[in-house]
Amino acid sequence: MGAPGLRDPVAALADQEHPLGQQRLLDALGGVAVGHEDHEALVILALRIALEEIAGEVEPARDRRPPDGHVIRLDAAEEGGHRGAVVSIAFLPEGQRVMSLGEDHAIRIWDIATAKAVVMGDEVRVWSAKVSPDGRLVAAAREDGTVLLYDVARAEAAARLEGHGSDVYAVAFSPDGTRLVTAGADALAIVWDVRTRRRIATLRGHSLEIFDAAFSPDGQRVVTAGVDQTARLWNARTGALVETLSGHLNHVTHALFTHDGSRIVTAGQDGAARLWDARDGALLGVLRGHAGAITTIAMAPGDVTLLTAGDDGLVRLWDLTHDAATEAASDPNPAPDGSETPERWVNTARVLSGRALDAAGGLMALPLAQMRSGWEELRALPPPALR
């Protein structure tokens, strides 16, 4: 259930041609604007703005506009900007600089006061990048299977982490900045010691690509989101699998912990967001409403409000104290024994056909190990699952 009235201001912010949307965007970001051919980054910005407004923890954005009135356009080549689309942005902890990642393989650190950028990057595609909690490092997940740690002050690579066999899609620092989790196309997630650059643990369990990974607020656990339609909860120190979160009907592309660490939110290409108990992996609720894949999620401080954005062009606001409980109570497929849930039917179809969806949405041969585990699941279910 989306909140009435939220769609219009967010849509205006995401509309580059809408003057009011541009002005609100500029005001909300204190003079930082993004312009490119699609609206993905602007929708992400709109989510950030909406979260700040909901939380009520920031001063009016117009009061934070740089005194000299500079406007930084991150795709403006004359200012050292990106060539092509900007795919993600984030403020550094002190709030005076912005990191941006572009499809030109470059990471840029923008000084809001001077409107100048420092460029880091090379010819290798970067899938995602994250700033460390202290703002000193940027971790870049790369197409060649490596992760580069950039020293922000020196604007150069300080270390290269090698351990993945293919593209690295996701990186995330632990809350204290001492560890980094990486995940990618080889179905592995790896936890690293940031200081020594050594591997702490390898998280094995997904059968296909991992699209997202995140630490719990206490840094003791990691959640991963995979193409195998599961999210998984891990011990961040030992790499042991704690829980498998099953229920999505397509790729799981996003996962995060609530700020208090008590719950996990997952979302993906089935258009639903699911809320889980982080202690035992129990499903607490299902949020349905998007007509297509969910492309990004964000949790407001206080852990009551969740925002989701999707391929259907909508941004939805969810009250987790009401919407999740309502959806859980009205779920047409509760099936405590798992015999009649849609995901069980999907598993049945995959096992009987020997086919599954790959990362691009096409058909692929189901791996032998997955066939065997699927058959074991089916054999353990009551007969109605196969009727």
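Anyway, here's the lowdown on the structure attached to this text. As the structure is a prediction and not an experimental result, all values here were calculated from the model. (Residues numbered from 1 in each chain as written. Predicted model: local features only at pLDDT ≥ 70, side-chain atom pairs only at ≥ 80, totals over all residues. Heavy atoms only, no water.)

## Section: the overall build of the protein
Reasoning step 1: Along the backbone of the protein there are 6 helices and 27 strands.
Reasoning step 2: Out of the 387 residues belonging to the protein, those deemed buried represent 52%.
Reasoning step 3: A sequence separation of at least 24 residues applies to 44% of the contacts in the protein between residues at least 6 apart.
Reasoning step 4: Just so you have it, the protein exposes about 17200 Å², and 51% of that area is on carbon and sulfur atoms. (Helix = DSSP H or I, 4+ residues; strand = E, 2+ residues; numbered from the N terminus. Buried < 20%, exposed > 50% of the residue type's maximum accessible area, 1.4 Å probe, protein only. Contact = heavy atoms within 4.5 Å. Areas by Shrake-Rupley, 256 points an atom, 1.4 Å probe, with all protein chains shown as cover.)

## A word on the side chain of Arg274
Reasoning step 1: Mapped onto the fold, Arg274 is located in strand β21 (residues 272–277).
Reasoning step 2: Exposure remark for Arg274: the relative accessible area of 6% places this residue in the buried category.

## Topic: the environment of Asp134
Reasoning step 1: Looking at the element boundaries, Asp134 is found in the loop between β7 (126–131) and β8 (137–142).
Reasoning step 2: A polar contact is formed between the side chain of Asp134 and the side chain of Ser132, at a distance of 2.7 Å.
Reasoning step 3: Here Arg136 takes part through its backbone nitrogen, which lies 2.9 Å from a polar atom of the side chain of Asp134. (Polar contact = N/O pair within 3.5 Å; in protein donor to acceptor, adjacent residues only side chain to side chain.)

## What about the sheet that holds strand β25 (residues 315–319)?
Reasoning step 1: The strand order across the open sheet formed by 3 strands is β23-β24-β25, and the pairing between neighbours is antiparallel. Every other strand in the sheet has two partners, leaving β23 (294–299) and β25 as the edge strands with one partner each. Geometrically, the sheet is characterised by an average inter-axis angle of 20° between neighbouring strands, direction not taken into account.
Reasoning step 2: Sheet topology places β23 next to strand β24 (residues 305–310); 5 bridges connect them, and they run antiparallel. (Pairing = 2+ DSSP bridges. Axes fitted to C-alpha atoms, helices over the stretch in contact; angles between N-to-C directions.)

## Here we look at the sheet that holds strand β5 (residues 106–111)
Within a beta sheet, neighbouring strands are joined by backbone hydrogen bonds and run either parallel or antiparallel to one another.
Reasoning step 1: Strands sit in the order β3-β4-β5-β6 across an open sheet of 4 strands; the sheet is antiparallel. Looking at strand neighbours, the two that pair on one side only are β3 (86–91) and β6 (116–121), the edges of this open sheet. Between one strand axis and the next, the sheet turns through 20° on average, direction left out of account.
Reasoning step 2: As paired elements, strand β4 (residues 97–102) and β5 share 5 bridges and run antiparallel to each other. When the sheet's bridge partners are listed, Met99 is paired in β5 with Ile109.

## Digging into the packing of aromatic side chains
Reasoning step 1: Within this structure, the stated rule accounts for 2 aromatic pairs.
Reasoning step 2: For the ring pair Trp127 and Tyr169, a centre distance of 5.4 Å and an interplane angle of 80° mean the geometry is edge-to-face. Of this pair, Trp127 sits in strand β7 while Tyr169 sits in strand β11 (residues 168–173), and the two are 42 residues apart along the sequence.
Reasoning step 3: The partly exposed category is assigned to Trp127, whose relative accessible area is 30%.
Reasoning step 4: Judged by its relative accessible area of 19%, Tyr169 falls in the buried class.
Reasoning step 5: An aromatic cluster is defined as three or more aromatic residues linked by ring pairs; in this entry it consists of Trp127, Tyr169 and Phe211. (Phe/Tyr/Trp six-rings, centres within 6.5 Å; stacked < 30°, edge-to-face > 60°.)

## Thoughts on the side chain of Asp104
Reasoning step 1: Position of Asp104 relative to the elements: it lies in the loop between β4 and β5.
Reasoning step 2: In this structure the side chain of Asp104 is engaged in a polar contact, spanning 3.3 Å, whose partner is the side chain of Arg108.

## Focus: the pattern of salt bridges
Reasoning step 1: With the rule as written, the count across this model stands at 6 salt bridges.
Reasoning step 2: As a salt-bridge pair, Arg97 and Glu94 come within 2.9 Å of each other at their nearest N and O atoms.
Reasoning step 3: When its relative accessible area of 37% is taken as the criterion, Glu94 is described as partly exposed.
Reasoning step 4: For the salt bridge of Asp228 with Arg232, the shortest nitrogen-to-oxygen distance reads 3.6 Å. By the burial criterion, Asp228 is buried, and Arg232 matches it. (Salt bridge = Lys/Arg side-chain N within 4 Å of Asp/Glu carboxyl O.)

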